[in-house]
Amino acid sequence: MKKICFLAVLLSLFTSLPAEEYPLYDFENYEIGTEFLLKDVSGNPVSAKSYAVVAADPTGKDNKVLHVLLVNSWNTYPEYPLPDGFTAAEFCTYQSVAFSLYRPQVLPKNNDNMQTAIYLGDKKIYQEEHPNYPDQGERGKWHEKRYAFTPVETEASYFLLGLHADTMEYYLDNIRLVRVEKGYDYTDETQTLRYYVEQCGNGKHIGVATPSSWKNVIDLNNDLLDMSQTVFRNFNMVVAEDDMKFDAIEPNRNDFNFGYADALVDFAERHGMKVRGHTLCWHKQLPEWVTKNEDRNSHNYSREELLSILRNHIDTIVSHYKGRIAEWDVVNECLEDNQRSYYYGESYMYDLRASVWSKGIGGKLGWGDENVGGDFIDSAFVYAHRADPDAKLFLNDYGVENRGRKADAYYYLAKHLVDNNIPIHGVGLQCHFKAGELDSAGLVRQIQRFQELGLEVIITELDIASSDKQADEFRTITNIFMEQKNCPNMVLWGVSDRDSWRSGALPLLFDADLAAKPAFFAVRDALEKAWNDILSVAPVPNDARPQSPYVDVYNFAGQKIASGMRRESVNFLPTGIYIVDGEKIMVR
Ligand code: 9MR
């Protein structure tokens, strides 16, 4: 343990870690004019006008490069033999392929649809798929590129690397493999976040949002991928960043697309992780058939029709995952940012945001805009509860974590739901924090007053903008999460800074190479501290009173897990903390 802490301190002094590189092709040993084979991976003949040939650097430097011209050739890439004695298996021990790319000022046919693809033998190990095509950088200049690939099993003796379009011209140089130092070794479980949270034996989960399918940075079917391993080795809960939202899952009316969501749930089950569902009812990311405008009912659906759209959506999805998704964000971001009806007559109120749901369904719950009502909230919770009575159901919102009108409005909304017996189990605090915004006393107070309502509080979308305090702020919030009894889960909104929705803010625990940042070590230290605190609970004297040979056993969260168990059998329960005869017992 000491060794790990020392390592953590040492590493936290560095922000970027060294990379190990293996040079593959710099073309300097080739004669100008040497041809490289071009291969069409669809098996079609390559047009005779296409070529890949060693040439002089187009910027005039004394340097040899590979010049590729493709004419009417889709899916066609230069083929590079692996260096003598260097196997495909060794290739796959690296994480990324890096190279320099130059595109001439004038492209043939002005074709700019350029996606990079990499194959090892006939197996595709990387392809950029993006609806808008990636920005390959300004033309007439060299640019550095680096792509993490998916390792595969193959005995291939060559790889393919190039750009994908019909007719185009480009230059490549300095092709190499890169392995990055991560600062910790995730194959040693005692160095991961998950290990410490699970050692605590109190049922808490540390979770992460898996990158949206369109970002193409996680393959949920490939457990070898660095991104996949970073996720399942460090976290024991997942949520889809985008792929369970309305537009992703019901893009056309009653036409459900469960592809990525199913893959995520399978991935989670394969790795013993819990799944949060996000999100059933939101004003954003709605398909056009629901509304064309997020704050209006643009198709003028009737109240009945909208309720039936909402019911069918919730019922289908929650039933599809019955028993497999532990908790749902049922209603997301339903409060106005600016709470004007804060104090109304004798009581505290809340303004609901205008949306297709609040405007089209209406109802009495909520004040402010008289055309806005909250019946959709009650309905959404009831539909979800009917579809899976065991799933825990949550409100989720931002700007409600500390003190202030919106934080109060959130409390009063939740209280209203509880008072009206709506099946709600808790609230999510998103926690997208700017540097310095975390108010720990305010956060603790907010978590605790929901406890008085009997509600859980989940930190659902944590990210904190980078600053010299970032690691400390992550440590503070992790301590709060571990200390507060009604706060079972803390979820990071993304894995790597590179893929974050706030990419410029560098708000997460891993950098673009999935190397651990100081924030990672701060979270891990806080989890380890929580475990140490539990271990240091004083042993209970066992001669204090007569003992029954049969006991009821509760878990650390206070749920009964066994009635009338033989006292000796308690020692054979899985490692963890249990409550027996009102005392904590540690089973190792
Ligand atoms: O991270 C999500 C990003 O990829 C989407 O483009 C965006 C669209 O609205 O939603 C982001 O996630 C949001 C989450 O679903 C709800 N709370 C705010 C999050 C950040 O915008």
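Structural notes, computed from the coordinates. (Residues numbered from 1 in each chain as written. Predicted model: local features only at pLDDT ≥ 70, side-chain atom pairs only at ≥ 80, totals over all residues. Heavy atoms only, no water.)

### Details of the environment of Val 372
The cut-off we apply is this: Numbering goes from the N terminus for both helices and strands, where a helix is a DSSP run of H or I of at least four residues and a strand is a run of E of at least two. Relative accessible area decides the class of each residue, using a 1.4 Å probe on protein chains only: under 20% of the type maximum gives buried, over 50% gives exposed, and in between gives partly exposed. By the convention used here, residues are in contact when the closest approach between their heavy atoms is within 4.5 Å.
Along the chain, Val 372 turns up in the loop between helix H8 (356-361) and helix H9 (375-387). Residue Val 372 is classed as buried on the basis of its relative accessible area, which comes to 5%. Spatially, the C-alpha atoms of Val 372 and Lys 359 are 4.7 Å apart, while their sequence positions differ by 13 residues. In contact with Val 372, other than residues within four places in its own chain, are Leu 352, Arg 353, Ala 354, Ser 358, Lys 359 and Gly 363.

### Things to note about the site of the ligand
The condition that has to hold: Throughout this document, a residue counts as near a molecule or strand when at least one of its heavy atoms sits within 4 Å of that molecule or strand. In protein, a polar contact requires one atom able to donate a hydrogen and another able to accept it; more generally it is a pair of N or O atoms within 3.5 Å, and residues adjacent in sequence count only if both atoms are side-chain atoms. Areas reported here follow the Shrake-Rupley algorithm with a probe of radius 1.4 Å; residue values treat only the protein chains shown as occluding.
Around the ligand, a shell composed of 15 residues is seen, among which Glu 241, Asp 242, Lys 245, Glu 333 and Glu 461 lie nearest. Note that an oxygen atom of the ligand is positioned 2.6 Å from one of the side-chain N or O atoms of Asp 242. Between the ligand and Glu 333, the relevant distance is 2.7 Å, taken from a nitrogen atom to a side-chain nitrogen or oxygen of the residue. Burial of the ligand by the surrounding chains reaches 82%, relative to a free accessible area of 450 Å².

### Some thoughts on unusual backbone geometry
Most peptide bonds are trans, and most residues other than glycine sit at a negative phi. The peptide bond linking His 278 to Thr 279 adopts the cis configuration, its omega dihedral lying at 0°. Counting through the fold element by element, Thr 279 comes out in strand S14 (residues 274-281). For Phe 27, which is not glycine, the phi dihedral falls at a positive 65°. Even without glycine at this site, Leu 514 takes up a positive phi of about 65°. Checked against the element boundaries, Leu 514 lands in the loop between strand S22 (489-492) and helix H13 (518-535).

### Remarks on the sheet that holds strand S2 (residues 38-40)
Note the threshold: Paired strands, in this sense, are two strands between which DSSP finds at least two bridges. Each axis is a line fitted through C-alpha atoms, taken for helices only over the stretch in contact, and angles between the N-to-C directions span 0 to 180 degrees.
Strand order in the open sheet made by the 5 strands is S2-S5-S10-S7-S8, with antiparallel pairing throughout. Two strands close off the open sheet at either side, each with one partner strand: S2 and strand S8 (123-127). When strand polarity is set aside, the average angle formed by the axes of neighbouring strands in this sheet is 30°. Pairing of strand S7 (residues 115-120) with S8 involves 4 bridges; the strand directions are antiparallel. Bridge pairing in S8 links Leu 120 to Lys 123.

### A short note on the packing of aromatic side chains
Our working definition: The criterion for an aromatic pair is that two Phe, Tyr or Trp rings (for Trp, the six-membered ring) have centres within 6.5 Å, with stacked assigned to planes under 30 degrees apart, edge-to-face to planes over 60 apart and tilted to the rest. As a reminder, the over-ring test applies to NZ of lysine and CZ of arginine, requiring each to be within 6 Å of the ring centre and within 35 degrees of the ring normal.
According to the stated counting rule, one finds 35 aromatic pairs in the structure shown. With a centroid separation of 5.1 Å and an interplanar angle of 80°, the aromatic rings of Tyr 411 and Tyr 412 are classed as edge-to-face. Here Tyr 411 falls in the buried class, since its relative accessible area comes to 11%. Following the ring pairs from residue to residue traces out a cluster consisting of Tyr 25, Phe 27, Tyr 30, Phe 36, Tyr 80, Phe 91, Phe 149 and Phe 159. In this structure, Arg 179 packs its charged tip against the face of Tyr 94, placed 4.2 Å from the ring centre. Stacked on the ring of Tyr 398, the Lys or Arg Lys 406 has its end atom at 3.6 Å from the ring centre.

### Observations concerning the nonpolar core
Side chains of a nonpolar character, in soluble globular proteins, are inclined to be buried together. Under the convention used in this document: Remark: nonpolar core denotes a set of buried residues (Ala, Val, Leu, Ile, Met, Phe, Trp, Tyr, Cys) joined through side-chain atoms within 4.5 Å.
In terms of nonpolar packing, the biggest core is built from 116 residues, with Trp 328, Trp 357 and Leu 395 touching the most fellow members. If you tally residues by element for this core, the top one is H13, at 8 residues. Listed in part, the 36 residues of the second largest apolar core include Leu 101, Ile 125, Met 168 and Leu 172.

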